[in-house]
Protein chains: 2
Amino acid sequence: MTTTDATARFLAALRFDAAGLVPCIAQQHDTGEVLMMAWMNAEAVAETLATGRVCYWSRSRGALWRKGESSGQVQRLVDLRIDCDGDTLLALVDQTGVACHTGRRNCFFQALRDDALVEISQPLVDPKALYGA
Amino acid sequence: MTTTDATARFLAALRFDAAGLVPCIAQQHDTGEVLMMAWMNAEAVAETLATGRVCYWSRSRGALWRKGESSGQVQRLVDLRIDCDGDTLLALVDQTGVACHTGRRNCFFQALRDDALVEISQPLVDPKALYGA
């Protein structure tokens, strides 16, 4: 999708943290729903731009995380935007299925209601079905 | 707005990083526009919940950053949500004016177009007018 030169220009505008990472917010491009936040290193950014499929860096696994490679819940890239100071990305995506490993559409489901911390959305699919556990 | 007990329950669900911070995405509550991403420590989270006005932690200044205290561009809190693993916040807000210090409505204005990195939105107000420079 993106040329090598364009990827190089994009990467040059980023300020990676001490661990070589930037946070990336994933937003469903048409509804505006904020789906999740994860991290990218330079290789993940380059692969995302090159393939048009969102690839993160898994801090827990210490490896590239091609979103959906286990679950099938891939994110097609619509646009990748850099913020004013170059240290955060916003990925507009088309999410297949659900973004959250709990089976919910998005990861942000804990909130205060009547002074109790509750789950404000429920899983749409069984996580076991996503990961074949 | 929020009781001390509720704030304690909320904070207990958060996993702060080694620096005692969590990233917080600010989203305009009615349009879905992702405005910015900044960081909060426990004190900023507690103040945000207590006052209903969003307060971050400025990593550059090493101090609480009551959004809009210099610029007047405050964020009224509508809802504060925690993600599945407790390490990211999503703040639904009502943004007065612009969120970005460049005078743009949101911070995510750099993107690739025809293989060039360009600014896809323009300032709505002069930053000098915001900060009295």
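Each value, and the rule that gives it
Residues numbered from 1 in each chain as written. Chains lettered and ligands numbered in written order. Predicted model: local features only at pLDDT ≥ 70, side-chain atom pairs only at ≥ 80, totals over all residues. Heavy atoms only, no water. UniProt positions renumbered as here; feature names shortened; annotations may be inferred. Helix = DSSP H or I, 4+ residues; strand = E, 2+ residues; numbered from the N terminus. Rg over C-alpha atoms; globule rule 2.2 N^0.38 Å. Contact = heavy atoms within 4.5 Å. Areas by Shrake-Rupley, 256 points an atom, 1.4 Å probe, with all protein chains shown as cover. Lys, Arg positive; Asp, Glu negative; His and termini not counted. Charge placed at Lys NZ, Arg CZ, Asp CG, Glu CD. Buried < 20%, exposed > 50% of the residue type's maximum accessible area, 1.4 Å probe, protein only. Polar contact = N/O pair within 3.5 Å; in protein donor to acceptor, adjacent residues only side chain to side chain. Pairing = 2+ DSSP bridges. Arc of directions from axis to C-beta. Least-squares fit on C-alpha atoms with pLDDT ≥ 70 in both. Buried area = accessible area lost by both parts, 1.4 Å probe. Salt bridge = Lys/Arg side-chain N within 4 Å of Asp/Glu carboxyl O. Nonpolar A, V, L, I, M, F, W, Y, C, P; charged D, E, K, R; others polar.

Per an unreviewed UniProt entry, the recorded name for chain A is Phosphoribosyl-AMP cyclohydrolase, and the organism is Roseomonas fluvialis. Recorded in UniProt under Function (unreviewed entry), the annotation for chain A is "Catalyzes the hydrolysis of the adenine ring of phosphoribosyl-AMP." Turning to chain A, the UniProt record has this under Subcellular location (unreviewed entry): "Cytoplasm".

J.: I'd like to hear about the overall build of chain A, residue by residue, with values.
T.: Regarding its fold elements, chain A presents three helices and eight strands. Ordered by position in the sequence, the α and β elements of chain A form the string α-β-β-α-β-β-β-β-β-β-α. Over its C-alpha trace chain A gives a radius of gyration of 16 Å, about what one expects of a compact globule, namely 14 Å for 133 residues. With the C-alpha coordinates of chain A rotated into their principal frame, the extents come out at 50 × 35 × 30 Å. A separation of at least 24 residues holds for 43% of the contacts in chain A among residues at least 6 apart in sequence. Of the roughly 5900 Å² that chain A leaves accessible, carbon and sulfur atoms contribute 51%. Where the 13 positive side-chain charges of chain A centre and where its 16 negative ones centre are 4 Å apart.

J.: Hey, could you go over the UniProt feature "domain: Phosphoribosyl-AMP cyclohydrolase" (unreviewed entry) in chain A for me, with residue numbers and the actual values?
T.: The UniProt feature table records "domain: Phosphoribosyl-AMP cyclohydrolase" (unreviewed entry) at residues 36–109 of chain A. Spanning residues 36–109 of chain A, this segment combines 14% helix with 38% strand, and its end C-alpha atoms are found 11 Å apart.

J.: Requested: an account of the UniProt feature "binding site: Zn(2+)" (unreviewed entry) in chain A, with residues and values cited.
T.: UniProt records the feature "binding site: Zn(2+)" (unreviewed entry) at Cys84, Cys100 and Cys107 of chain A, using the numbering of this structure. What stands out for the annotated residues spanning 24 residues is how far apart their C-alpha atoms range, the widest pair being 27.7 Å apart. Looking at the element boundaries, Cys84 of chain A is found in the loop between strand S5 (75–82) and strand S6 (89–95). Among the residues examined, Cys84 of chain A registers a relative accessible area of 23% and is labelled partly exposed. Residue contacts for Cys84 of chain A: discarding those within four places in its chain leaves Cys100, His101, Thr102, Cys107, Phe109 and Gln110 of chain B. Discounting chain neighbours no more than four positions away, the residues touching Cys107 of chain A are Leu35, Met36 and Cys100 of chain A together with Ile82, Asp83 and Cys84 of chain B.

J.: Mind laying out the side chain of Thr88 of chain A, listing which residues take part and the relevant values?
T.: Following the sequence through the fold, Thr88 of chain A ends up in the loop between S5 and S6. A distance of 3.3 Å separates the side chain of Thr88 of chain A from the side chain of Asp87 of chain A, its partner in a polar contact. Each residue touching Thr88 of chain A, except ones within four places of it in the same chain, is listed here: Pro23, Ile25, Arg81, Ile82 and Asp83 of chain A together with Met37 and Phe108 of chain B.

J.: Quick one: what's the story with the pairing of strand S4 (residues 63–66) of chain B, residue by residue and with numbers?
T.: Residues and elements named next belong to chain B. The pairing of strand S3 (residues 55–58) with S4 spans four bridges and is antiparallel. Looking at S4, one finds that Ser58 is bridged to Ala63. Joining the antiparallel neighbours S3 and S4 is a turn of four residues, in which Gly62 adopts a positive phi near 65 degrees.

J.: Would you mind going over helix H1 (residues 4–12) of chain A in detail, with residue names and values included?
T.: Turning to H1 of chain A, its buried residues number three or more, namely Ala6, Thr7 and Phe10 of chain A. Buried positions in H1 of chain A, seen along its axis, are confined to an arc of 100 degrees and lie on one side of it. Residues of H1 of chain A that are exposed and point more than 90 degrees away from the buried face comprise Thr4, Asp5 and Ala12 of chain A. Among the structural elements, helix H2 (42–51), S5 and S6 of chain A together with strand S7 (110–113) and strand S8 (116–119) of chain B are those in contact with the buried residues of H1 of chain A.

J.: Could you give me a rundown of the environment of Pro127 of chain B, with the residues and numbers involved?
T.: All names here are of chain B. Relative to the helices and strands, Pro127 is located in helix H3 (residues 127–131). Remark: the alpha-carbon pair of Pro127 and Ser71, spanning 56 residues in sequence, is separated by 8.9 Å. In contact with Pro127, other than residues within four places in its own chain, are His101, Thr102 and Gly103.

J.: Break down the relation of the copies chain A and chain B for me, citing the residues and quoting the values.
T.: For the match of chain A to chain B, the screw axis carries a shift of 0.0 Å, the RMSD comes to 0.0 Å, and the turn is 180 degrees. Interpreted geometrically, this transformation is the action of a two-fold axis. No C-alpha of chain A lies nearer the rotation axis than that of Gly32 of chain A, which sits 2.5 Å from it. The share of interface residues of chain A whose copies in chain B are also at the interface is 100%, consistent with both copies meeting through the same surface.

J.: So what's going on with the interface of chain A and chain B? Residues and values would help.
T.: Residue-level contacts link 39 residues of chain A with 39 residues of chain B. Together chain A and chain B conceal approximately 3100 Å² of surface at their shared face, both sides included; 64% is due to carbon and sulfur atoms. The largest contributions to the chain A side of the interface with chain B come from Cys84, Phe108 and Asp115 of chain A, which together make up 20% of the buried area. The tally of links between chain A and chain B comes to four salt bridges. Between Arg113 of chain A and Asp79 of chain B there is a salt bridge; the shortest N-O distance is 2.8 Å. Here chain A is connected to chain B by 18 residue pairs in polar contact (both at pLDDT 80 or more). Elements with a contribution of two residues or more to the side of chain A that touches chain B: H1, strand S1 (22–28), strand S2 (34–40), S5, S6, strand S7 (110–113) and strand S8 (116–119) of chain A. Split into classes, the residues belonging to the side of chain A that touches chain B amount to 23 nonpolar, eight polar and eight charged.

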